[in-house]
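Structural overview
Spelled out from the first residue to the last, the chains are:
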Amino acid sequence: MILLVILVTVVVSEWVSAEVRQAVLWFRHTKCLHRIVTESLLRCSLCGRQQEPAMTPSTLWAFDSYQRIRSRLPAVTVDSVEPQSVASLGVIADRFDGFIFDAFGVLNVGNTALPTARARFHDLQAMGKRCLVLSNAATAPQRQLVQKYRNLGFPITSDQLISSRMLVSAALGSETDQTWAVMAPSWARSDQLPCRSFLIANQDIQANRDRLDNADAVLMLSTQGWTDRLQQGLSDSLRRRLRPVWVANPDLVAPREDGLSLEPGHYAHQLADTIGLDAVFFGKPFSNAFDAAKTKLSHIPASRLLMVGDTLHTDILGGRCAGLSTMLVTAHGALKGLNIGTCMAESGIFPDFIAPEI
Ligand SMILES: [Mg+2]
């Protein structure tokens, strides 16, 4: 009888504790569900439960994706700061002489200029401030990209724009004996790069399997026209023979008028996850981008330079690692609609200043 009572007690207590554990998990997941519903999350960040993929990536999916690849990004080597919220860049403009602006999410969304950003850019230049655009864009050649921003109302010269395309072009100049297979659409004019190359986009990847397998290296410039089938073909080819892969546009996503687009960094990290690729990246948050910007502004002390961006894991992380002051803008870009405090706490990446827009 005593044994029976003990047995029943153990079973009941196990059942109760299991129910309690389930209730706790459910409560945690309910908190996640709010984020899933509002942000179309692909994977619950608290319990890891997989969701059906959304048609387009959400800002929270992008944030979580950056967190997952964190070991491949530069480590934060400076002390964290207490971010100061300001109404706009105008409030702190007199503290700086040089401004380095990210493009997408700060100056423009897709092919649409942000009016307040355009006005601020004009004001700063009228005040005699030096303004640079530091963009991870790599599809368009330099001249075409400068013209795009001039058409959007940002009066820049070629000397005021550093793109990932420009960074990789400079590096390719010392790799002239290689043949590169290039991820890009035809209008990207990869034939203007200082190397032998052919396009892998818009081709029948099976019919061109030998050509791809014989390429010395791969250059990931642009996802326009890129498909899952092309990605699979590239992955298979690299699995047969692993070769150098350079990525000019380390971004995972970019803000467009109709949502976020997947960018070359996303596909490069997919290859890193599946076949162990160790790619070389050109652009933010890596030092090659910030070294180029600091060289152009070398007449201004680093303490008087401000990096302005919408992405914690590229603009702010890279700017902090480069020893620059940083400002995060939140209204239009990579963190739009998210809880910024939570994003900073989860990532451990803190800007000096936060504003909705510049
Ligand atoms: Mg951006």
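Read on for an overview of the structure. On a predicted model such as this, the values are computed, not experimentally measured, just so you know. (Residues numbered from 1 in each chain as written. Predicted model: local features only at pLDDT ≥ 70, side-chain atom pairs only at ≥ 80, totals over all residues.)

For the rest of this paragraph, the subject is the overall build of the protein. When you go through the protein residue by residue, the secondary structure sums to eleven helices and 16 strands. Classification of the 358 residues of the protein by burial places 39% in the buried group. In the protein, of all internal contacts separated by at least 6 residues, the share reaching a separation of at least 24 is 69%. (Helix = DSSP H or I, 4+ residues; strand = E, 2+ residues; numbered from the N terminus. Buried ≥ 20, exposed ≤ 12 C-beta atoms within 10 Å, placed from the backbone. Contact = placed C-beta atoms within 7 Å.)

Moving on, we come to unusual backbone geometry. That bond from K284 to P285 is cis: its omega, 10°, falls within 30 degrees of zero. When you line up the elements, P285 lands in the loop between strand 13 (280-282) and helix 9 (287-296). Notably, R189 is not glycine yet its phi reads approximately 50°, a positive angle. Turning to its location among the elements, R189 is positioned in the loop between strand 7 (179-183) and strand 8 (196-199). Unlike most non-glycine residues, N249 shows phi in positive territory, near 125°.

Further remarks concern the sheet that holds strand 10 (residues 245-248). With parallel pairing, five strands are arranged side by side in an open sheet as 8-7-9-10-13. Both edges of this open sheet fall to strand 8 and strand 13, since each of them pairs with a single strand only. Strand-to-strand twist in this sheet, taken as the mean axis angle between neighbours without regard to direction, amounts to 25°. Note that strand 7 and strand 8 share four bridges and pair parallel. Counted as the bridge partner of W180 is S197 from strand 8. On top of the sheet, helix 8 (residues 264-275) reaches strand 7, strand 9 (217-220) and strand 10; it is set at about 155° to strand 10, its chief contact. (Pairing = 2+ DSSP bridges. Axes fitted to C-alpha atoms, helices over the stretch in contact; angles between N-to-C directions.)

A word on the pairing of strand 7. Along strand 7, four of the five residues are buried, which leaves the element largely enclosed by surrounding structure. Pairing of strand 7 with strand 9, which is carried by four bridges, proceeds in the parallel orientation. The residue bridging V182 from the neighbouring strand is L219, located in strand 9.

We now examine the sheet that holds strand 2 (residues 98-101). Read across the sheet, seven strands follow the order 1-16-15-14-2-5-6 without closing on themselves; strand pairing throughout is parallel. Strands with a single pairing partner mark the edges of an open sheet, and in this sheet they are strand 1 (84-85) and strand 6 (161-163). Bridge analysis of strand 14 (residues 305-309) against strand 15 (residues 325-329) gives four bridges, and the strand direction is parallel. From the neighbouring strand, V308 faces strand 15, where its bridge partner is M327.

Burial along strand 2 is two-sided: G98 and I100 facing one way and F99 and F101 facing the other are all buried. Looking at chain direction, strand 2 and strand 5 (residues 130-135) are connected through four bridges and run parallel. Note that in strand 5 the partner of F99 across the bridge is C131. Sheet analysis places strand 2 next to strand 14, joined by four bridges and oriented parallel. The partner of F101 across the bridge, within strand 14, is V308.

Topologically, W61 is positioned in helix 2 (residues 59-68). Looking at W61, the number of C-beta atoms within 10 Å reads 22, which means it is buried. On a C-alpha basis, the gap between W61 and V253 in space is 10.0 Å, while along the polypeptide they are 192 residues apart.

This part is about helix 4 (residues 142-151). Listed as buried for helix 4 are L145, V146 and Y149. Down the axis of helix 4, the buried side of the element spans an arc of 100°, and every buried residue falls inside it. Turned more than 90 degrees away from the buried face of helix 4 sit R143 and N151, all of them exposed. Tucked inside the fold, the buried residues of helix 4 contact strand 5 and strand 6. One or two residues past the end of helix 4 sits G153, with phi positive at roughly 100°. (Arc of directions from axis to C-beta.)

Another point: the environment of S158. Structurally, S158 is set in the loop between helix 4 and strand 6. Of the residues examined, S158 has 11 C-beta atoms within 10 Å and is grouped as exposed. Along the chain, S158 and Q147 lie eleven residues apart, while their C-alpha atoms are 8.8 Å from each other. Not counting the four nearest positions on each side in its chain, S158 is found in contact with Q142, R143 and V146.

In this section: helix 8. Spanning twelve residues, helix 8 covers 16 Å between terminal C-alpha atoms, matching the ideal 16 Å at 1.5 Å per step. Within the sequence span of helix 8, burial applies to P264, G265, H266, Y267, A268, H269 and L271. Each element contacted by the buried residues of helix 8 is listed here: strand 7, strand 9, helix 7 (228-240), strand 10, strand 11 (253-256) and strand 12 (259-262). One or two steps after helix 8, the chain reaches G276, where phi turns positive at roughly 75°. (Expected span 1.5 Å × (residues − 1).)

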